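Residue-level listing of the chains:
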Amino acid sequence: MTLEPRWYRSFAGSVASVRYCSCGLACVAGSSESGDPTARLLAADTGAERGRVALDGELRGASYREPPGLLFLTTRNDRVHAIAPETGETRWTATGSRVEAATDDAVYASDGATLRAIRVGDGTSEWSSVLSGPIQRVSALDDTGDRLGVTVGDPPHHTLVGVDAATGTESFRHDATDVTHYHLDGETLLAIVGDDPF
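What you see is a predicted model; the values in this text were computed from it and never measured. (Residues numbered from 1 in each chain as written. Predicted model: local features only at pLDDT ≥ 70, side-chain atom pairs only at ≥ 80, totals over all residues. Heavy atoms only, no water.)

1. A look at the overall build of the protein
In terms of helices and strands, the protein carries zero helices and 18 strands. Split into buried and exposed, the 198 residues of the protein put 42% on the buried side. Long-range pairs, those at least 24 residues apart, make up 26% of the contacts in the protein between residues at least 6 apart in sequence. On the protein, roughly 10300 Å² of surface is accessible, and the fraction owed to carbon and sulfur atoms is 46%. Of the charged side chains in the protein, 17 are positive and 29 negative, and the gap between their average positions amounts to 8 Å. (Helix = DSSP H or I, 4+ residues; strand = E, 2+ residues; numbered from the N terminus. Buried < 20%, exposed > 50% of the residue type's maximum accessible area, 1.4 Å probe, protein only. Contact = heavy atoms within 4.5 Å. Areas by Shrake-Rupley, 256 points an atom, 1.4 Å probe, with all protein chains shown as cover. Lys, Arg positive; Asp, Glu negative; His and termini not counted. Charge placed at Lys NZ, Arg CZ, Asp CG, Glu CD.)

2. Quick word on the layout of surface pockets
What the largest pocket holds in volume is close to 190 Å³. Forming the walls of the largest pocket are 13 residues, and the residues nearest its centre are Asp105, Ala106, Tyr108, Ala165 and Ala166. Its residues assigned to classes, the lining of the largest pocket comprises six nonpolar, three polar and four charged. (1 Å grid on protein atoms, 1.4 Å probe; cavity = no way out; pocket = protein on both sides within 12 Å on 5 of 7 lines; lining within 4 Å. Points joined across faces, edges and corners; volume = space filled by probe spheres on them. Nonpolar A, V, L, I, M, F, W, Y, C, P; charged D, E, K, R; others polar.)

3. Quick look at the pattern of salt bridges
In total, this model carries eleven salt bridges according to the counting rule given. In this structure, Arg60 and Asp78 form a salt bridge, with 3.5 Å as the shortest nitrogen-oxygen distance. Of the two residues, Arg60 is situated in strand 5 (residues 59–65) and Asp78 in the loop between strand 6 (70–75) and strand 7 (79–84); the sequence distance between them amounts to 18 residues. In this structure, Arg119 and Glu126 form a salt bridge, with 2.8 Å as the shortest nitrogen-oxygen distance. Using a relative accessible area of 42% as the deciding quantity, one classes Glu126 as partly exposed. (Salt bridge = Lys/Arg side-chain N within 4 Å of Asp/Glu carboxyl O.)

4. Examining the sheet that holds strand 8 (residues 89–95)
The strand order across the open sheet formed by four strands is 5-6-7-8, and the pairing between neighbours is antiparallel. Both edges of this open sheet fall to strand 5 and strand 8, since each of them pairs with a single strand only. Going from strand to strand, the sheet's axes swing by 20 degrees on average, the running direction of each strand aside. The sheet contact formed by strand 5 and strand 6 spans six bridges and is antiparallel. If you follow Gly61 over to strand 6, its bridge partner there is Thr74. (Pairing = 2+ DSSP bridges. Axes fitted to C-alpha atoms, helices over the stretch in contact; angles between N-to-C directions.)

5. Quick look at the pairing of strand 10 (residues 106–111)
Of all six residues that make up strand 10, five are buried, and the element is covered over most of its length. Pairing geometry for strand 9 (residues 98–102) and strand 10, over four bridges, is antiparallel. Note on strand 10: the bridge partner recorded for Arg98 is Ser110. Here strand 9 folds back onto strand 10 in antiparallel fashion, the turn holding three residues. Alignment of strand 10 against strand 11 (residues 114–119), held across six bridges, turns out to be antiparallel. Bridge pairing in strand 11 places Tyr108 opposite Ala117. Counted along the chain from strand 10 to the antiparallel partner strand 11, the turn is two residues long, and its residue Gly112 has a positive phi close to 70 degrees.

Next comes the structure, spelled out in structure tokens:
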């Protein structure tokens, strides 16, 4: 079977990387005609440009989160850009090098050992918390999303830190070196030990 291209695009400036996002956009990172760092957002099915984002540095990552239905671009200068994928409009920018998790109300971004909660509506900071080591993973610990499980530390030694999603307050710590999955049932922490830990 021969695959035929559906569209072509050429750009003034340079292209450093292309990332496909699950919202149907391709993020083309590089530089603009004037040499400034830029991300072009293209519809993956047609190649039509949805928007162009002026970045403050080299693109680190691009990920779509549902909820809250936003595309997040992160740069190596530790900035998060929240983009409306249907229009390409930048909703806000905030501090953070990696988007770890998101809900309808908050985005949780990390920067080394610091975890930040950012309001989805306007990008303002709800709280920030400095943990005991570099953050490797963030996920909801229970079905309500009230508590976050934050895996910190350098491999192979990890610690699970329980963090209140509303305040950033640390509630517990647990050695996570050999643990693959967690779930919080009331006040009981269920830890599954396996051969493929965090």
